[in-house]
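As a plain string of letters, each chain reads:
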Number of protein chains: 2
Amino acid sequence: MRAEDVERDVLSRIKPGPEEIERALAVAEKIKEGLLEAAREMGLDVDVMLVGSLAKGTFMRGVDIDVFILFPPETPRDVLEKSGLEMARRAIGMGEERYAEHPYLHGEVDGFEIDIVPCYRIPSPSFLKSAVDRTPFHTRFVIDHLREDRRDDVLLLKQFMKGVGVYGAEAKVGGFSGYLVELLVIKYGSFHGVLEAAAKEWRPGTKIEIQGGGARFEDPLVFIDPVDPKRNVASPVSLESLGRFMAAAMDYLKSPDIRFFFPNPPPTVNTDQAMDFLSERGTGALLVLIERPDVVDDTLYPQVNRARRNIPGRLEEEGFPVIHTHRFVTEKWVGFLFELGRERRERVKKHHGPPVWSHPHAERFVEKWRESDGGGEKNSWGEPYTEAGRWVVEIPQHVEAARVVKKRAREWGLGKHLSQHVEEGRFVVLAGRDAVDMVFRESPVDLALFVDRRPPWRR
Amino acid sequence: MRAEDVERDVLSRIKPGPEEIERALAVAEKIKEGLLEAAREMGLDVDVMLVGSLAKGTFMRGVDIDVFILFPPETPRDVLEKSGLEMARRAIGMGEERYAEHPYLHGEVDGFEIDIVPCYRIPSPSFLKSAVDRTPFHTRFVIDHLREDRRDDVLLLKQFMKGVGVYGAEAKVGGFSGYLVELLVIKYGSFHGVLEAAAKEWRPGTKIEIQGGGARFEDPLVFIDPVDPKRNVASPVSLESLGRFMAAAMDYLKSPDIRFFFPNPPPTVNTDQAMDFLSERGTGALLVLIERPDVVDDTLYPQVNRARRNIPGRLEEEGFPVIHTHRFVTEKWVGFLFELGRERRERVKKHHGPPVWSHPHAERFVEKWRESDGGGEKNSWGEPYTEAGRWVVEIPQHVEAARVVKKRAREWGLGKHLSQHVEEGRFVVLAGRDAVDMVFRESPVDLALFVDRRPPWRR
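Please read all numbers here as calculations on a predicted model, not as lab measurements.

Draft legend 1. Just the domain arrangement of chain A, in detail. All names here are of chain A. Once the domains are mapped, chain A shows domain 1 (16-128), domain 2 (148-260) and domain 3 (270-459). In this assembly, seven residues from domain 1 lie in contact with nine residues from domain 2. Around 770 Å² of area is buried between domain 1 and domain 2 when both sides are counted, 59% of it from carbon and sulfur atoms. At the boundary of domain 1 with domain 2, the tally comes to one salt bridge. Inspection of the region where domain 1 meets domain 2 yields four residue pairs in polar contact (both at pLDDT 80 or more). A per-class count over the side of domain 1 that touches domain 2 returns three nonpolar, three polar and one charged.

Draft legend 2. Structural context of the side chain of A:R134. Mapping A:R134 onto the fold places it in the loop between strand 5 (112-120) and helix 5 (135-145). Those residues within four positions of A:R134 in sequence are excluded, and the remaining contacts are A:P125, A:L128, A:D225, A:D228 and A:R231.

Draft legend 3. View of the interface of chain A and chain B. The interface is formed by 49 residues belonging to chain A together with 49 residues belonging to chain B. Here chain A packs against chain B, burying approximately 4,300 Å² in sum over the two surfaces, 56% of which is carbon and sulfur. Here B:R458 and A:E383 are joined by a salt bridge, their closest N and O atoms 2.8 Å apart. On inspection of chain A and its partner chain B, the count reaches 24 residue pairs in polar contact (both at pLDDT 80 or more).

Draft legend 4. Focus on the environment of B:W202. For B:W202, the location among the structural elements is in the loop between helix 8 (191-200) and strand 6 (206-208). Through-space distance from the C-alpha of B:W202 to that of B:G214 is 18 Å; in sequence the pair is twelve residues apart. Beyond its immediate sequence surroundings of up to four residues, B:W202 is in contact with A:W357, B:F176, B:L184, B:Y188, B:A197, B:I208, B:L221, B:L242, B:F245 and B:M246. Of note is the side chain of B:W202, whose polar atom sits 3.2 Å from the side chain of B:Y188.

Draft legend 5. Expanded view of the sheet that holds strand 12 (residues 348-355) of chain B. Residues and elements named next belong to chain B. The three strands are arranged 12-14-13 in an open sheet whose pairing can be described as antiparallel. The open sheet has two free edges, formed respectively by strand 12 and strand 13 (385-387), since each of these has just one partner strand. Along the sheet, successive strands turn relative to each other by an average axial angle of 40°, direction set aside. Pairing geometry for strand 12 and strand 14 (residues 390-396), over six bridges, is antiparallel. Bridge pairing links K350 to E394 in strand 14.

Draft legend 6. Quick look at helix 7 (residues 178-188) of chain B. The element helix 7 of chain B is extensively covered by neighbouring structure, given that nine of its eleven residues are classed as buried. Phi turns positive, to about 90°, at B:G189, one or two residues after helix 7 of chain B.

Draft legend 7. Layout of the relation of the copies chain A and chain B. When chain A is fitted onto chain B, the two copies agree to an RMSD of 0.1 Å after a turn of 180° and an axial shift of 0.0 Å. When the rotation and shift are considered jointly, the pair of chain copies conforms to a two-fold rotation axis. When each C-alpha of chain A is compared by its distance to the rotation axis, A:G319 comes out closest, at 4.4 Å. Looking at chain A, 100% of its interface residues are interface residues in chain B too, so the copies touch through the same face.

Draft legend 8. Representation of the environment of B:E316 in the model. Residues and elements named next belong to chain B. Along the chain, E316 falls in helix 11 (residues 297-317). Sequence spacing of E316 and E7 is 309 residues, and the spatial spacing of their C-alpha atoms is 45 Å. Discounting chain neighbours no more than four positions away, the residues touching E316 are P321 and V322.

Draft legend 9. Main features of the packing of aromatic side chains. Within this structure, the stated rule accounts for 28 aromatic pairs over all chains. Summarising the aromatic geometry, the rings of A:F191 and A:F261 are spaced 5.9 Å apart at their centres and angled 45° between planes, so their arrangement reads as tilted. Placement of A:F191 in helix 8 (residues 191-200) and of A:F261 in the loop between helix 9 (239-254) and helix 10 (271-281) is noted, with a sequence separation of 70 residues between them. By relative accessible area, which is 0% here, A:F191 ends up buried. Judged by centre distance (5.7 Å) and plane angle (65°), the ring pair of B:F160 and B:F191 falls under edge-to-face. Taken as a pair, B:F160 in helix 6 (residues 151-164) and B:F191 in helix 8 lie far apart in primary sequence, 31 residues in all.

Draft legend 10. Main features of the packing of helix 6 of chain B against helix 8 of chain B. Residue and element names in this part refer to chain B. Running from N to C, helix 6 and helix 8 cross one another at 45°; their axes reach a closest spacing of 8 Å. By the angle between their axes, helix 6 is oblique relative to helix 8. For the pair helix 6 and helix 8, the contacting residues are D153, L156, L157 and F160 in the first and F191, V194 and L195 in the second. Residue composition of the contact of helix 6 with helix 8, by class: six nonpolar, no polar and one charged.

Draft legend 11. View of unusual backbone geometry. Residues and elements named next belong to chain A. The amide bond that connects H359 to the next residue, P360, takes the cis arrangement and shows omega of 0°. Position of P360 among the secondary structure elements: in the loop between strand 12 (348-355) and helix 12 (361-369). The backbone phi angle of D110 is positive, close to 50°, even though this residue is not glycine. Tracing the chain through its elements places D110 in the loop between strand 4 (103-109) and strand 5. The exposure class assigned to D110 is partly exposed, which follows from its relative accessible area of 49%. The phi dihedral of A388 falls on the positive side, at around 50°, and the residue is not glycine. Within the secondary structure, A388 is located in the loop between strand 13 (385-387) and strand 14 (390-396).

Rules used throughout
Residues numbered from 1 in each chain as written. Chains lettered and ligands numbered in written order. Predicted model: local features only at pLDDT ≥ 70, side-chain atom pairs only at ≥ 80, totals over all residues. Heavy atoms only, no water. Domains from an automatic or database assignment. Contact = heavy atoms within 4.5 Å. Buried area = accessible area lost by both parts, 1.4 Å probe. Salt bridge = Lys/Arg side-chain N within 4 Å of Asp/Glu carboxyl O. Polar contact = N/O pair within 3.5 Å; in protein donor to acceptor, adjacent residues only side chain to side chain. Nonpolar A, V, L, I, M, F, W, Y, C, P; charged D, E, K, R; others polar. Helix = DSSP H or I, 4+ residues; strand = E, 2+ residues; numbered from the N terminus. Pairing = 2+ DSSP bridges. Axes fitted to C-alpha atoms, helices over the stretch in contact; angles between N-to-C directions. Buried < 20%, exposed > 50% of the residue type's maximum accessible area, 1.4 Å probe, protein only. Least-squares fit on C-alpha atoms with pLDDT ≥ 70 in both. Phe/Tyr/Trp six-rings, centres within 6.5 Å; stacked < 30°, edge-to-face > 60°. Parallel < 35°, antiparallel > 145°, perpendicular 65-115°, else oblique.

Below you can see the structure in the form of structure tokens.
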């Protein structure tokens, strides 16, 4: 397929029609007027500003409307919060209070999702009083620097990243924010310009700037915020996402395809099929299922990701080679499904003791493990011996991976909330068919993804 | 048991009677006279000297007689060699020519084993012309510094080290030479003095000196040669032997026992018993049997030891945990018998490719492993995907440990002669019962030692 045909097709699916744009802008205008009206009634000196993708002209179908209320910087924070919410309620009549760094109002008007957010009107981002104070600057920067004829490139890049699975700065994705997508198009000129750079120039640690003077960062990808050179807009991008995006860029430039933007779901897989898959590969399955802690995604996912990174190493140390790890989160569970080289290990463990010259540890070790001499049955498999200057002893150990994980999981530092549930025994560990069947019943798509490891665009 | 009872018992078994001593000294005297007589006939200006344990009074039952012929240092080497052998032949009538650094004569007289060795009469060991030139200095040093009433301590320490398996500087043992034993007794005053120091003071790298001024060495144990401070008398002592001797010393001081000096052999084990042993422990066996290269022990054993150290790591890398390694050498074979955590591994292998940004390697990797696309059946288990910035692909691999070793052994750098036999296919690899049974048939004591890992003095 030719890239331009693919991309025309994509745009026809994601770009809002003129009617949607007109309606969204009209709703936004009405909200702004309502907010200014409320401000007058309440005697407040504030500005209101449309921000986000609607303001920047980079929105896809089903656009959200984000309106910011800018308070004078000397406003006490509690006043800002209370007055902001009050204004928002007067303007749209109702809504649900939500919290990011401070409270904002979320509502729905004429079928559009609305966020009304109070912030400080600061002279520049170096006077930042709350994290959202930067947003108006970002909006203005994009409006000023993104050429109107490049807005479609932003839409294509957003959808490409969605399809590839790297769109979103939230911890769940660890990918690219909308603002970062816009900056990339500004920097490299076009959708293809970005892909070319990613495919050919980027390395881990690549630092991208629009003007010079940015600070140093250790992140996998660095894009200096043009409105705040001490900030890395790409800091949420994980090495995983960066690698996947770069690989996708290379592949797409070689053979463009609609599947990059709209991947096929993995073929469904039932328990029997998954068991056949494992048996052909001579491997086993292990499932660790922790009750989902009642915390927001941005608190939960860093813990999930940390556990996903750490558990395989622990399993390998215990003698269970990890071929693959699939993590998933459902309403009830945080799950880790492992493909293991074996579900059972040897019964004997070689326990390495201290060097023979390490006094008094060496003496204690020998005394402890020779207790069997005295009629104790502590160690039926013989006594300590020396190897390369150390005492060692062979002792029995648990054989089943599931048993080992049940005993050891609480030592594995899985992050605060996950650890707590493990401490409290609010987790299950299953192996083999039990593991596979549980995933099939709780989240069949995750069983499918466990089996089908192709990049989404190759499905 | 009380130490003095044990030691009296030991001495009664190893110390030669007055009759044996008298006869040995008489034979030595006769040989010396014969050599001087020959020198006169041949017009040679040489000295002859009784060296070794007979000269030093530190010999056990079945003593060997070592006589050195000291030539003037200006003697050409070929003259020294020819004249030395000729003198020796005239003195003892017959004998077998042997080679160390240069040829010497080995023979038997009146039931004693005799070595007659030509060397240079140098003013001090710093003028060394051949390795054996040091021997007369060693002999004189011990005669001058070992108190007569400490000779029994030397005998006890030699026998203790024999029993524990660390006596002998040859590569096969990697242990303590007779001269080192004598120096240790001179340094620490007695058999118990040496054990106390080993048990409580020694560390790896401990440097022992009689006078100061010795060079620096990286060996596990350092004993500066009092007649040549640039030499470490303990350089052959491996970490393995050092650790074992120190452990034995600690144990003996706590509970003296005749078994330290005369250990019991391991209980015999037949194939069925060894298989039961493995099955109870949930482990497997793997045997690598290489045809024994036709080289002397001091060439062979360093290679055997290197292989013994290296192979386990390679097996672990391949996914076969190594619980224990037993190496053995018979007339026909060099053998390595491994106890493995499993004899079969998973069929799938996760093959890690280059980082996605590594051009053109990344592109080549993807092209290679996606060949299955084009109808090839190269990789039936799906295509490459990215993980933490790298391409990976899952491919089939050999499952049996024996098969893997057969394929890989030639890459393992086992030392010149062992490698050569492996290259030439002069080796066999067996697993499970076949492995155990082969060892039982070729060298049953090694099967027993494989199963019984207790230190010799605890059998």
